[in-house]
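# A structural walkthrough
Residue-level listing of the chains:
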Amino acid sequence: MTTDIDWDHPTDPREGSWQLDHVKQYVGSGGTDGQYWNGTQTLLLTTLGRVSGKPVRTPLIYGEAEGAYLVVASKGGEPAHPLWYRNLSEHPAVRIQVGPEIMQGTARTATPEERAAYWPVMVGHWPAYDEYQAKTDREIPIVVIEPA
């Protein structure tokens with residue numbers, strides 16, 4: 001199913017958003033600018049829309065563990081999961097760009113044991129994750145992206 005996806009032409013964040021500016025800087029530089037943002041590292045995650053089936057690109061802070069990339073579905077502590085996370089529930093195939101490297105992968109929600117181990121790693125990259133978790137009743141998921 002994902003072999004027919006046009007991964008090279010995703011929908012980007014909405015016009016006028018800081019996320020779009022970040023994506024444009026990242027992509028426009030071939031990944032040499034934009035990977036580091038506000039003192040941390042970021043990647044570009046492209047998911048498939050659960051309704052549209054079309055690729056959607058999002059800049060996210062990331063960590064690494066055991067050859068996988070980690071991202072946090074925080075949405076700033078809002079009550080609902082971010083759209084990109086909900087997309088993964090329907091379509092776990094993803095594309096990521098980490099600096100200049102672009103790769104396909106499979107995304108999944110971390111197990112409870114993995115989340116317990118990876119949460120401190122991600123808070124080390126972005127301390128506000130603890131504040132976001134305190135702000136919401138939902139458990140904020142960590143997503144594990146395993147490169148293909």
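The structure this text deals with has already been given above.
One structure accompanies this document, and this report is about it. Values in this document were obtained by computation on a predicted structure and should not be read as measured data.

On to the side chain of Ser74. Examined against the element boundaries, Ser74 turns out to sit in the loop between strand S5 (68-72) and helix H2 (83-90). Not counting chain neighbours up to four residues away, the residues in contact with Ser74 comprise Tyr129, Tyr132, Arg138 and Ile140.

All buried positions along helix H1 (residues 18-28) are accounted for by Leu20, His22, Val23 and Tyr26. The arc that holds the buried residues of H1, viewed along the axis, is 160 degrees, so those residues lie on one side. Residues of H1 that are buried sit in contact with strand S1 (36-37), strand S2 (40-48), strand S3 (55-61) and strand S6 (93-98). Gly30, located one to two residues past H1, shows a positive phi value of around 70 degrees.

It is the contact of helix H3 (residues 112-125) with helix H4 (residues 128-135), at a shortest axis distance of 8 Å, that shows an interaxial angle of 125 degrees. The orientation of H3 relative to H4 falls into the category oblique. Mapping the contact onto sequence places Arg115, Trp119, Met122 and Val123 in H3 and Tyr129, Asp130 and Gln133 in H4. In terms of residue class, the contact of H3 with H4 is built from 4 nonpolar, 1 polar and 2 charged.

Calculation rules
Residues numbered from 1 in each chain as written. Predicted model: local features only at pLDDT ≥ 70, side-chain atom pairs only at ≥ 80, totals over all residues. Heavy atoms only, no water. Helix = DSSP H or I, 4+ residues; strand = E, 2+ residues; numbered from the N terminus. Contact = heavy atoms within 4.5 Å. Buried < 20%, exposed > 50% of the residue type's maximum accessible area, 1.4 Å probe, protein only. Arc of directions from axis to C-beta. Axes fitted to C-alpha atoms, helices over the stretch in contact; angles between N-to-C directions. Parallel < 35°, antiparallel > 145°, perpendicular 65-115°, else oblique. Nonpolar A, V, L, I, M, F, W, Y, C, P; charged D, E, K, R; others polar.

Interpretation in functional terms is not warranted from these geometric data alone.
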